[in-house]
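Observations on chain architecture
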Amino acid sequence: MFYDDIAAIATPPGEGGIAIIRLSGGQVIEKASKVFRPYHDGVDIRNKAGYSLTLGWIKDETGEDLDEVLLALMRAPHSYTGEDTVEIHCHGGILPARRCLEVVLHQGMRIAEPGEFTRRAFLHGRLDASQAEAVIDVIRAKSDKAMKLAVKQLSGHNSEYINTLEDRLLELNAMVEASLDFPDEVGELEYAKAEDIMLGSLAAIERLIQAGERAAIYREGIAAVICGKPNVGKSSLLNVLLKKERAIVTSIPGTTRDIIEEQLSIKGIPIRLVDTAGIRVTEDIVEKIGVERSQKVIREADLVIFLLDLGTGITAEDLAIYKEIKNRNLIILANKEDLEEKHITEDELEHYFSGVRVIWASAREDKGIKELEDRVEEMILGGALQADDLEIMVNLRQREALTRARKHLEDALQVMQTVPLDCLGVDIWGALEALGEITGKNLKEEVIDRMFTDFCIGK
Amino acid sequence: MIYNAGSYDVVVVGGGHAGCEAALAAARMGCKTLMATLSMENVALMPCNPSVGGPAKAQVVREIDGLGGEMAVNVDKTAIQMRLINTGKGPAVQALRAQADKHEYHDEMLKTLLNQPNLHIIMAEIEEIETSGPRVSAVITKTGARFSCRAVVITSGTYLKGRIIIGEVMYDGGPGNQFPAVKLSASLKSLGLELGRFKTGTPPRVYKRSLDFTKMIEQPGDDRPLRFSYMSPRLRRPQFSCWLTHSTAATHQIVMDNLDRAPMFTGAIKGRGPRYCPSFEDKVVRFAHKESHQLFIEPEGRNTEEMYIQGLNTSLPEDVQIKVLRSIPGLENVALIRTGYAIEYDYLPPAQLRSTLETRMVEGLFTAGQINGTSGYEEAAAQGLIAGINAALKVKAEEPLVLKRSEAYIGVLIDDLITGDIDEPYRLLTSRAEYRLLLRQDNADLRLTEKGRRIGLVSDERWRVYSAKKDRLEEQKEALKGRTYTPADQEISSFLASRNSAALKDRFSLWEILRRPEISIQDFVDLGLLTEYDEDVLEQLEIQSKYEGYIRKQEEQVQRFEKMEGKLIPGDIDYDEIFGLSNEARQKLKQIRPESIGQALRVSGINPADINVLLIFLEKKRRK
Ligand SMILES: Cc1cc2nc3c(=O)[nH]c(=O)nc-3n(C[C@H](O)[C@H](O)[C@H](O)COP(=O)(O)OP(=O)(O)OC[C@H]3O[C@@H](n4cnc5c(N)ncnc54)[C@H](O)[C@@H]3O)c2cc1C
Ligand SMILES: Nc1nc2c(ncn2[C@@H]2O[C@H](COP(=O)(O)OP(=O)(O)O)[C@@H](O)[C@H]2O)c(=O)[nH]1
């Protein structure tokens, strides 16, 4: 709690732009180095001096690049907190930042408490004693706000759902503990029943995580990119989508001159849609900066919509573009379906783009657009899509706790047959303890209470 | 007329399980010690179940032993049955349980006390604690003897204003119709200490020859030579069985028909009783759907007719108790010896204590055992030991002994007492320990003997036994880790195959192979791979290897935990001076006065923001 490694998104959640993840603590440089792939081979942030900047990528658990970042490193005591500090400047807005934070947390850190960076700064003598009261104000304000928010999120319908989950896990823990502490009265654990509860709780946690993810998507939106060769119909498609969408949020100019960026919403999901018209991948500028820029836009997009022209057939240019985007979250739209003569066959599509769903559409006649919207929703919400009346905001801290609870239950299920009950109890308790961080209750006492209500114990 | 009767370093009030340990510890640590008890008969008396140990409690008994206390040795001397329970549920919860001969237990302990140099026992009621300034200075008996002293340990158990309740019959008394202690409560209150009221109860005792055992299931002990203390000889002792029977629908009907005469329900009992030890009438009402409840018939000793009926703790009127007993299979013709009863008594809410068990109000005044709101012989003995040790250390002006939650169940117990809201008699449970896998009965000696040695409680003989075991253990561990095998090693490969154990893929040490569930350390001994035959060492090696992963995880948690325990809060902190604390937190902190940030975090109603505020305040103070 004092000086373990902590992390948090330091920038306020909001519209796009750069999000900064701040890490502080004794091991953060070491831990960050495990998820960071520097731009230049041979660079190792562990050897970098304080106040240095390094360009590179954050890798996810599988080693895939997650986001291009600028990594700022400060060494103790020359940082805000007075500890080793790493700041990860993510480019891709809030969603990739959340993913990056998760990856970092998996290295063995926890999310900072409200005001914790400031508290550490003070405890490390980075702030003057006279500022103590101001620091306390910051801590109080931040944690009161966080508490109010958490309480609000857990009210009503949601709280019922979480309470039921907590209740099942309490029951499970009471079963285990009673069997350990009162073997004469309670006997062996009912393993089948325990397994049922674990599986049920796992499903409930999964549902919470997904519902929370969906809520985050609805709140924070995603970035999508339309790409394709010139004249394939990108502007037309954008116009159709914009026209359909009555609630156009804004039409902001691209952050760079040649990128056209529009805000719209598809099925209620806010989407920042970038038309790569200004960053054509044509032969004449292949060497140019445009390529890099379009690559970057594509890399940071949550979704890529790739257009083909049924009039021209599949060309070398199409394939060149496809090469750039084929590993992304991809939808292919075969445009101009209204044309009499179509120069692309199903077989060709299967041959060149096997495995990718292709939607036949016409931007001009507004055909296939609904299908496109359905597909976008499905791809973005993914598992979180299923019709579900659970409306819940899960903030990062809660999500992190839920993920830990899930891991404990998965571990417990896996070793159930092979480890003795006292060891199994470690994960079964771990799951409940993690959940307790969300509800803020002392669940240890409640397990004991529950044991005495559920079982007739006593000499 | 008060007269000066002598001067002591430490006075222990009470000769129950707490008092015995406290007095022995203080005397063995070189303090001139006096023990006062209401009666010689209730020294080391077991007023309830004649059994010691079980989950969490066995661990405590072993911890007491590791520190150099007496309980384990005394049980080993007097046990008439021992069993290892929870054997299939893992090393952390595996627990020894003994049936002790109640009378021998008392006799043997008394003998040890009487033969202890530096210790003087008197039969007297202490009525007053005298102070001089903030410090305790003397105790005064009913008969006017004044013993001056430098520290006092009060272990009054259930005797303070004890009140017995049996149906409509109520009278002042201690357990087993002993005299209660009437005046000490008022003296404690006048010192500024707060007292509360708890209740507990005990079942009837009956004649063995009036029972029909053919209607019951026999519960024999383990035939193996078991022992609590590593100092005791490995004995195969004669095992006296317990017997299992159960209540019937008729039993429950009798209870229901007489609820209007049950003090538990008429409001005659006001003190709060323990949930883990409910009265039988309570069980029948609360678990109405249960058709029967288990009842264990336990012998109170080898030379007595008295049998204890575990599960039938009651304060129903005597005539109803007899009817209830007769409705139980095997007890149709039962003859009663002692009637079951409930007892109410004064206790001292333990939030008033420091982690040394010294009261915060009065310097040099310690309390231990049931007076602190606990229940159970083992809990009492453990506190007595710690209070006795700390009283002695105080007299000698040495650093106190405080065990952490990560070191011992005793640490969990005391921390729970001084940190929590104790609103019912407290009993230890393994589920109260966060680091259960580290606090095992099998490693209590490894955890605590060195501490016991440092304070001077561990005898040379015990130290020699311990050191030898430890050396053997380290040696064998190295050997197991050092001996490695590859798939090419014929002997080990064919052994693994014979056990349906996967073939080696690479080079593995015996230590790693031992992790496999299907392989036991005995196998290595049988194969001649190991030159160790001591059971305790083998057991230790096996547990440490098999559970290494889980153990390491808990050790990592402990490291984090200890950081917070290490951050101390000065005793004179003024919580009213701290800007930014929530009101609830301020109240709680003033009441509990935690000694470290770690303890503060466990106080209910304190949230992380309050802790942060506290940390900033402490830092600001430090810089001034
Ligand atoms: C009826 C009954 C039922 C119980 N049931 C259970 C149970 O089911 N399970 C369980 O775990 N525990 C039970 N217990 C509790 C268990 O017996 C006690 O927790 C344990 O024995 C307490 O030990 P102690 O040393 O604190 O006090 P005690 O064993 O009560 O000893 C107190 C000692 O203090 C002495 N004393 C008190 N006041 C004075 C004074 N003023 N001057 C001099 N000497 C004094 C007495 O003479 C006595 O020697 C029961 C206790 C009773 C009485
Ligand atoms: N027949 C037909 N023509 C289309 C369709 N979509 C776009 N076009 C035409 O194709 C040309 C290029 O469209 P545009 O949207 O500017 O392409 P961009 O360069 O990819 O942005 C325009 O003349 C459009 O009218 C369609 O679905 N069917």
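Once a new chain begins, its residue numbering starts again from 1 and follows that chain's sequence as written. Note on labels: chains are lettered from A, ligands numbered from 1, in written order. Reporting of local features is limited, given that this is a predicted model, to residues whose pLDDT is at least 70; pairs of side-chain atoms are given and counted only at 80 or more, and all residues count toward the totals for whole chains, interfaces and linings. As a convention, hydrogens and water are excluded, and side-chain values are obtained from all of the structure's heavy atoms.

**A short note on the overall build of chain A**
- Helix numbering and strand numbering both begin at the N terminus, where a helix is a DSSP run of H or I of at least 4 residues and a strand a DSSP run of E of at least 2. Each helix and strand in chain A was counted, giving 15 helices and 13 strands.
- Each residue is assigned to one of three classes by its accessible area relative to the maximum for its type, calculated with a 1.4 Å probe on protein chains only: buried under 20%, partly exposed between the two thresholds, exposed over 50%. Expressed as a percentage of the 459 residues in chain A, the buried residues total 53%.
- Counting only contacts in chain A whose residues sit at least 6 apart along the sequence, the fraction spanning at least 24 positions is 69%.
- Here, Shrake-Rupley sampling with a 1.4 Å probe gives the accessible areas, and only protein chains in the shown set may cover a residue. Entry remark: accessible area of chain A is about 20600 Å², with carbon and sulfur atoms responsible for 51%. Only heavy atoms matter for contacts: two residues are in contact if any of them lie within 4.5 Å across the pair.

**Things to note about the interface of chain B and chain A**
- On the side of chain A, 51 residues touch chain B, which itself brings 60 residues to the contact.
- Joining two parts hides part of their accessible area as seen by a 1.4 Å probe, and the buried area is that hidden amount summed over both. Both sides together, the interface formed by chain B and chain A hides about 4800 Å², and carbon and sulfur atoms give 60% of it.
- The term salt bridge refers to a side-chain nitrogen of Lys or Arg lying within 4 Å of a carboxyl oxygen of Asp or Glu. Here chain B is connected to chain A by five salt bridges.
- Close ionic contact of Glu445 of chain A with Arg432 of chain B constitutes a salt bridge, the shortest N to O distance being 3.7 Å.

**With respect to the packing of helix H13 (residues 460-482) of chain B against helix H17 (residues 535-546) of chain B**
Residue and element names in this part refer to chain B.
- Throughout, an axis means a line fitted to C-alpha atoms (over the contacting stretch in the case of helices), and angles, computed between N-to-C directions, take values from 0 to 180 degrees. The contact between H13 and H17 brings their axes to 10 Å, and the two run at 50°. Taken together, the axis directions place H13 and H17 in an arrangement best described as oblique. In this structure, H13 crosses over H17, and the sense of that crossing is right-handed. Side by side, H13 and H17 meet where Lys469, Arg472, Leu473, Gln476, Lys477 and Leu480 of the first sit next to Asp536, Val537, Gln540, Leu541 and Gln544 of the second.
- For this classification, Asp, Glu, Lys and Arg are treated as charged, while Ala, Val, Leu, Ile, Met, Phe, Trp, Tyr, Cys and Pro are nonpolar and the rest, including Gly, are polar. Considered class by class, the residues forming the contact of H13 with H17 number four nonpolar, three polar and four charged. Orientation is classified from the angle alone, with under 35 degrees giving roughly parallel, over 145 giving roughly antiparallel, 65 to 115 giving roughly perpendicular, and any other angle giving oblique. Helix crossings get a hand from a simple test, with the near helix turned counterclockwise from the far one by less than a right angle marking a left-handed crossing and a clockwise turn marking a right-handed one.

**Concerning the confidence of the model for chain A**
Residues and elements named next belong to chain A.
- Confidence in the prediction of chain A, expressed as mean pLDDT, is 83, and 86% of residues score 70 or more.
- A residue's pLDDT is simply how confident the predictor is in it, with values from 0 to 100. Element-level pLDDT for chain A is lowest in helix H9 (residues 289-300), with a mean of 69, against a maximum mean of 95 in helix H1 (residues 28-35).
- Taken together, the stretch residues 246-257 has pLDDT below 50 and engages in ten contacts with residues farther than four places along the chain or on a different chain.
- Below a pLDDT of 50 lies the segment residues 281-287, which in the model reaches eight contacts outside its immediate sequence neighbourhood of four places, other chains included.

**Some points on the pairing of strand E12 (residues 196-202) of chain B**
All names here are of chain B.
- Counting buried positions along E12 yields six of seven residues, so the element is predominantly enclosed.
- In the sheet, E12 pairs with strand E19 (residues 341-347) via seven bridges, with the strands oriented antiparallel. The partner of Thr202 across the bridge, within E19, is Tyr341. What makes two strands pair is DSSP finding at least two bridges between them.

**What to know about the pattern of salt bridges**
Residues and elements named next belong to chain A.
- Across all of its chains, the model carries 89 salt bridges over all chains by this definition.
- Here Glu116 makes a salt bridge to Arg120, at a shortest N to O gap of 3.2 Å. Residue Glu116 and its partner Arg120 are both found in helix H3 (residues 116-123); the two are separated by four residues, about one turn of the helix.
- Arg404 serves as the salt-bridge partner of Glu400, at 3.1 Å between the closest nitrogen and oxygen. Here the residue Glu400 and the residue Arg404 both occupy positions in helix H13 (residues 396-415), the gap between them amounting to four residues, near one helical turn.
- A relative accessible area of 18% means that Glu400 is categorised as buried.

**What to know about the site of ligand 2**
All names here are of chain A.
- One heavy atom within 4 Å of a molecule or strand is enough for the residue carrying it to be called near that molecule or strand. Near ligand 2, the surroundings consist of 15 residues, among which Asn231, Lys234, Ser235, Ser236 and Asp338 are the closest.
- Measuring from an oxygen atom of ligand 2, one finds a backbone N or O atom of Val232 at 3.3 Å.
- Pairing of N or O atoms within 3.5 Å defines a polar contact, subject to two protein rules: one partner must be a possible hydrogen donor and the other a possible acceptor, and residues neighboring in sequence count only if both atoms are side-chain atoms. In this structure, Ser362 approaches ligand 2 through a side-chain N or O atom, which is 3.1 Å from an oxygen atom.
- Relative to its unbound accessible surface of 570 Å², ligand 2 loses 76% to contact with the protein.
- Broken down by element, the shell around ligand 2 gets its largest block of residues, three residues, from helix H8 (residues 234-244).
- Residues of the shell around ligand 2, tallied by class, amount to four nonpolar, six polar and five charged.

**Observations concerning the sheet that holds E12 of chain B**
Residue and element names in this part refer to chain B.
- Taken together, four strands build an open sheet; the order of strands is E11-E10-E19-E12 and the sheet is antiparallel. Each of the sheet's edge strands pairs with one partner strand only, and the pair in question is strand E11 (169-172) and E12. For this sheet, the mean inter-axis angle between neighbouring strands, taken without regard to orientation, is 20°.
- When strand E10 (residues 163-166) meets E19, the two strands line up antiparallel, connected through three bridges. Residue pairing in the sheet places Ile165 in a bridge with Ala342 of E19.

**A short note on the sheet that holds strand E17 (residues 306-310) of chain B**
Residue and element names in this part refer to chain B.
- Spatially, six strands are ordered E14-E15-E16-E17-E13-E18 in an open sheet, and the strand pairing comes out antiparallel. At either end of the open sheet lies a strand with only one pairing partner, and these are strand E14 (217-219) and strand E18 (336-338). Going across the sheet, the axis of each strand differs from the next one's by a mean of 35°, ignoring polarity.
- Pairing of strand E15 (residues 242-246) with strand E16 (residues 294-299) involves four bridges; the strand directions are antiparallel.

**Considerations on the environment of Leu428 of chain B**
Residues and elements named next belong to chain B.
- Here Leu428 is to be found in the loop between helix H11 (409-419) and helix H12 (444-455).
- Relative accessible area serves as the criterion here: at 1%, Leu428 is assigned to the buried category.
- Separated by 19 residues in sequence, Leu428 and Tyr409 have C-alpha atoms that sit 8.0 Å apart.
- In contact with Leu428, not counting residues within four places along its chain, are Ala56, Val60, Glu379, Tyr409, Val412 and Leu413.

**Re the site of ligand 1**
Residues and elements named next belong to chain B.
- The environment of ligand 1 is made up of 37 residues, and the closest members are Gly15, Ala18, Ile126, Gln370 and Gly376.
- Calculation on ligand 1 without its partners gives an accessible area of 990 Å², and the protein chains cover 98% of this total.
- Among the elements of the structure, helix H1 (17-28), strand E2 (33-37), E12, E19 and helix H10 (377-395) are those that each provide at least two residues to the shell around ligand 1.
- Among the elements that take part in the shell around ligand 1, E12 stands out by supplying three residues, more than any other.
- Taken together, the residues of the shell around ligand 1 break down into 17 nonpolar, 17 polar and three charged.

**A short note on helix H15 (residues 443-454) of chain A**
- Compared with the 16 Å implied by 1.5 Å per residue over twelve residues, the 16 Å span of H15 of chain A between its first and last C-alpha is a close match.
- Every buried residue belonging to H15 of chain A is among Leu443, Val447, Ile448, Arg450, Met451 and Phe452 of chain A, and all of these are buried. A helix is expected to reach a length of 1.5 Å times the quantity of its residues less one.

**Quick notes on the packing of helix H14 (residues 421-439) of chain A against H15 of chain A**
All names here are of chain A.
- Look at H14 against H15: their axes get within 10 Å of each other, and the N-to-C directions meet at 125°. The angle between the axes of H14 and H15 places the two elements in the oblique class. On the side of H14, the interface is formed by Trp429, Leu432 and Gly436, while H15 contributes Leu443, Lys444 and Val447.
- Classifying every residue of the contact of H14 with H15 gives four nonpolar, one polar and one charged.

**Examining the nonpolar core**
- We define the nonpolar core as a collection of buried residues of types Ala, Val, Leu, Ile, Met, Phe, Trp, Tyr and Cys that are connected through side-chain atoms lying within 4.5 Å of one another. Counting residues in each nonpolar core, the largest one holds 111 residues, and the members touching the most others are Ile129, Val152, Leu188 and Ile410 of chain B.
- Tallying contributions element by element places H10 of chain B first for this core, with twelve residues.
- In contact with Leu188 of chain B, other than residues within four places in its own chain, are Ile129, Ile154, Leu160, Leu193, Leu195, Leu365 and Ile371 of chain B.
- Counting 50 residues, the second-largest nonpolar core is a separate cluster that includes Val176 of chain A together with Ala92, Tyr547 and Phe561 of chain B.

**Considerations on the domain arrangement of chain B**
Residue and element names in this part refer to chain B.
- All the domain ranges listed were derived from an automatic or database domain assignment. The domain architecture assigned to chain B consists of domain 1 (3-46 + 59-76 + 100-156 + 193-202 + 345-454), domain 2 (473-553) and domain 3 (566-623).
- The C-alpha centroid of domain 3 is placed 29 Å from the C-alpha centroid of domain 1.
- Of the roughly 770 Å² buried where domain 1 meets domain 3, counting both sides, 40% is carbon and sulfur surface.
- Broken down residue by residue, the surface that domain 1 buries against domain 3 is led by Arg360, Thr419 and Asp421, which jointly contribute 54%.
- Where domain 1 meets domain 3, there are two salt bridges.
- With a closest N to O distance of 3.8 Å, Asp421 and Lys588 form a salt bridge.
- Here domain 1 and domain 3 share six residue pairs in polar contact (both at pLDDT 80 or more) between them.
- Each residue belonging to the side of domain 1 that touches domain 3 can be placed in one class, and the counts come to two nonpolar, three polar and five charged.

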